[in-house]
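Fold and contact review
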Amino acid sequence: MSSHVITPGPYRATKLWNEVTRLFRAGMPLRKHRQNFRHYASCFTAAAAVDWLHQLLLSNSNFGPDVTRQQTVQLLKKFLKNHVIEDVKGRWGTEDLEDNNMLYRFPSSSPLKPIPCPAPALAPGSIKKRSSLRDRDGFFRFRSLKKHEKETQENVDPALQSGGNQPVGEQQVQRRELTVEDEQEIWRDITLTHLQRILDVASLDEVLDHRYVNPQNIIHNMTKVNKHGVVTLDDKTDDLPHWVLSAMKSLANWPKYDSVQPSYPGFERDVFKTVSDYFYSLPQPLLTYELYELFINVLGLLQPQSECVAVEALQLCTLLLPPTSRRKLQLLMRMMSRISQNVDMPRLHPAIGTRTLMIHTFSGCVLGSAVECDLDELLATRLVSFLMDHQQSILSVPQYLLSAISDHIQYLRTVQVQPLVPIDDGDPACVPVPIYTFCHQISGAEFEQQKLESSQKAMEELLEMLLTDQNMSEKDRRKKLKRFQKEYPDIYSRRFPSAERENNKPKIKPPLLTIKKTKAFSIRN
């Protein structure tokens with residue numbers, strides 16, 4: 001019996017269900033039991049099943065160490081409902097299961113859920129979706145565009161470049177006009193392209209319905225934030241009610257928030273219940289039903305060796321949320337994190353630790369499916385635990401993405417369009433023909449090559465950021481550089497050619513911290 005990580009892809013929740021079912025059927029010990037003066041072979045008690053399945057979930061990398069025994073009981077109840085198990089009399093579906101000595105067995109039929117077949121390819125003559133601005137204007141094709149523009153200008157007769165009347169230097173250059181829709185499309189396309197690269201899927205269509213991607217949400221979430229990085233709303237009526245904000249601040253800053261707040265025993269528990277009741281009263285989870293499949297797939301990245309990748313993926317995924325949902329998620333995660341770390345906070349539950357209580361109380365109002373999903377509670381628990389621990393990084397604005405989008409829009413705005421050139425065919429009534437120099441079709445191989453170069457360049461820029469970040473401690477810098485060297489040895493060796501000769505332990509001298517300011521030493525010049 002062996003388990004494996006379910007990687008991102010379509011129907012990941014179904015695959016996880018089948019994986020747990022397979023492991024449970026293959027590994028659960030069966031033996032002979034006696035009940036009510038009768039003997040039953042090849043069965044097990046509910047309590048023994050809870051013990052065994054709980055240990056399986058705790059050690060399984062798809063679920064993690066935050067699974068509770070009560071959650072395991074709930075999963076076994078769903079096993080009984082879906083005929084993964086049955087009682088020794090063959091009953092299932094409407095029966096209930098408790099953590100006791102009642103006897104159960106495995107049915108002879110396979111309990112695995114069928115995985116839907118992928119959607120068929122478009123038939124000949126069918127209508128394809130509208131091509132994106134990325135396809136029309138050459139996304140990540142800056143070098144080819146500039147090269148083609150230069151070649152075109154060299155091949156055009158100087159007399160034509162000057163319009164026949166003006167010197168070339170005095171020629172008025174036309175600039176491309178980008179509509180609001182064009183800019184929104186750029187925001188969406190660049191964000192989704194980065195997300196696809198991180199998830200390492202052939203297409204985002206496998207995990208995301210593009211109908212639910214609103215570029216206005218991305219723009220708002222990245223540009224309208226306060227000094228603390230929290231989204232601000234244009235319509236204040238969509239914000240958290242004042243009494244909920246007050247309750248959350250009281251818990252987050254306990255006991256220093258308000259000197260006149262009540263002090264009766266159990267007051268903090270009442271405030272906590274008020275907050276949890278509000279979030280469970282919302283019409284849908286904070287991560288929305290539409291993005292459920294996307295976040296479920298990000299769970300496949302929550303492995304110890306790919307923690308940074310998971311943070312970056314969640315950082316982009318949460319940008320797709322409506323601003324109201326993102327703001328509520330930010331405030332909730334900040335409150336949960338501060339409560340969990342507050343040693344002065346009284347116990348909010350007599351039997352459960354504060355951190356565990358935070359995770360299990362709010363997991364249901366953060367992630368959930370519109371249709372009943374058997375693993376929702378387990379998956380939500382793991383995701384909320386990771387969100388709470390990394391909320392400051394995940395729910396911040398990714399500056400590298402903001403810069404990439406701004407640079408791309410600026411570039412498209414400054415692409416030159418040649419003036420109208422008359423065609424001299426002997427007719428005095430010449431028809432002016434515009435010559436555009438920013439469009440240039442390239443082959444698929446060229447596109448793949450330039451995509452690779454763009455990724456390499458992005459990694460080189462990331463390495464420079466690690467070297468020049470003045471706010472980073474030297475200990476963190478060395479740690480991140482060591483991880484970078486392990487993940488991208490080729491890029492690292494080009495930046496530090498002597499690293500191989502020094503046993504991969506380069507000494508970062510202070511002058512490297514100022515290399516970005518000295519243009520003469522830039523490796524990109």
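This one's a predicted model, so the numbers in the text were calculated from it and none came from an experiment.

Parameters and conventions
- Residues numbered from 1 in each chain as written.
- Predicted model: local features only at pLDDT ≥ 70, side-chain atom pairs only at ≥ 80, totals over all residues.
- Heavy atoms only, no water.
- Phe/Tyr/Trp six-rings, centres within 6.5 Å; stacked < 30°, edge-to-face > 60°.
- Helix = DSSP H or I, 4+ residues; strand = E, 2+ residues; numbered from the N terminus.
- Buried < 20%, exposed > 50% of the residue type's maximum accessible area, 1.4 Å probe, protein only.
- Lys NZ or Arg CZ within 6 Å of the ring centre and 35° of its normal.
- Salt bridge = Lys/Arg side-chain N within 4 Å of Asp/Glu carboxyl O.
- Pairing = 2+ DSSP bridges.
- Contact = heavy atoms within 4.5 Å.
- Axes fitted to C-alpha atoms, helices over the stretch in contact; angles between N-to-C directions.
- pLDDT = per-residue confidence, 0-100.
- Expected span 1.5 Å × (residues − 1).

Describing the packing of aromatic side chains
Counting across every chain of the model gives 13 aromatic pairs. Their ring planes at 50° and their centres at 5.3 Å tell us that Phe 44 and Phe 106 sit as a pair that is tilted. Taken together, the residues span a long stretch of sequence, with Phe 44 in strand β2 (residues 38–45) and Phe 106 in the loop between β4 (103–105) and α4 (133–137) at a distance of 62 residues. With a relative accessible area of 16%, Phe 106 lands in the buried category. Arranged with centres 5.1 Å apart and planes meeting at 45°, the rings of Phe 484 and Tyr 488 form a pair that is tilted. Classification of Tyr 488 by relative accessible area gives partly exposed; the value is 35%. We note Lys 113 situated over the ring of Trp 17; from NZ or CZ to the ring centre the distance is 4.4 Å. Over the face of the ring belonging to Phe 496 we find Arg 495, whose NZ or CZ atom lies 5.2 Å from the ring centre.

Here we look at the pattern of salt bridges
Applying the stated criterion across every chain, the model contains 19 salt bridges. Residues Arg 188 and Asp 189 are paired through a salt bridge, measuring 3.3 Å at the closest nitrogen-oxygen approach. Like Arg 188, the residue Asp 189 is buried in the burial classification. Here Asp 209 makes a salt bridge to Arg 211, at a shortest N to O gap of 2.6 Å. Asp 209 sits in the partly exposed class, given a relative accessible area of 28%.

Brief notes about the sheet that holds strand β3 (residues 86–87)
Read across the sheet, 4 strands follow the order β1-β2-β4-β3 without closing on themselves; strand pairing throughout is antiparallel. Because the sheet does not close on itself, it has two edges, and the strands there are β1 (31–35) and β3. Looking at chain direction, β3 and β4 are connected through 2 bridges and run antiparallel. In the strand pairing of β4, Glu 86 is matched with Arg 105. Strands β2 and β4 of the sheet are contacted by helix α2 (residues 46–59), whose axis makes an angle of about 20° with β2.

Re the confidence of the model for the chain
Per-residue confidence for the chain gives a mean pLDDT of 79, with 76% of residues at or over 70. Ranking the helices and strands of the chain by mean pLDDT puts helix α8 (residues 215–223) first, with 97, and α4 last, with 41. Ignoring residues within four places in sequence, the model shows residues 120–149, a span with pLDDT below 50, making 56 contacts including any to other chains. This stretch, residues 156–171, has a pLDDT under 50; its non-local contacts, to residues over four places away or in other chains, come to 14 contacts.

Points about the pairing of β1
Relative to β2, β1 runs antiparallel, the two being bridged by 4 bridges. Each bridged residue has a counterpart across the sheet, and for Arg 31 the counterpart in β2 is Cys 43.

A short note on helix α3 (residues 69–81)
Between the first and last C-alpha of α3 there are 19 Å, a value that for 13 residues agrees with the 18 Å anticipated at 1.5 Å per step. Restricting attention to buried positions, one finds in α3 the residues Gln 71, Thr 72, Val 73, Leu 75, Leu 76, Phe 79 and Leu 80. Those residues of α3 hidden inside the fold are in contact with α1 (12–27), α2, β3, β4, α14 (354–366) and α15 (376–389). Downstream of α3 by one or two residues, His 83 has phi in the positive range, about 65°.

Points about unusual backbone geometry
Between Trp 254 and the following residue, Pro 255, the backbone shows a cis peptide bond with an omega angle of 0°. Tracing the chain through its elements places Pro 255 in the loop between α9 (242–252) and α10 (267–280). At Asp 200, a residue that is not glycine, the phi angle is positive and equals roughly 60°. Here Asp 200 is to be found in the loop between α7 (180–199) and α8.

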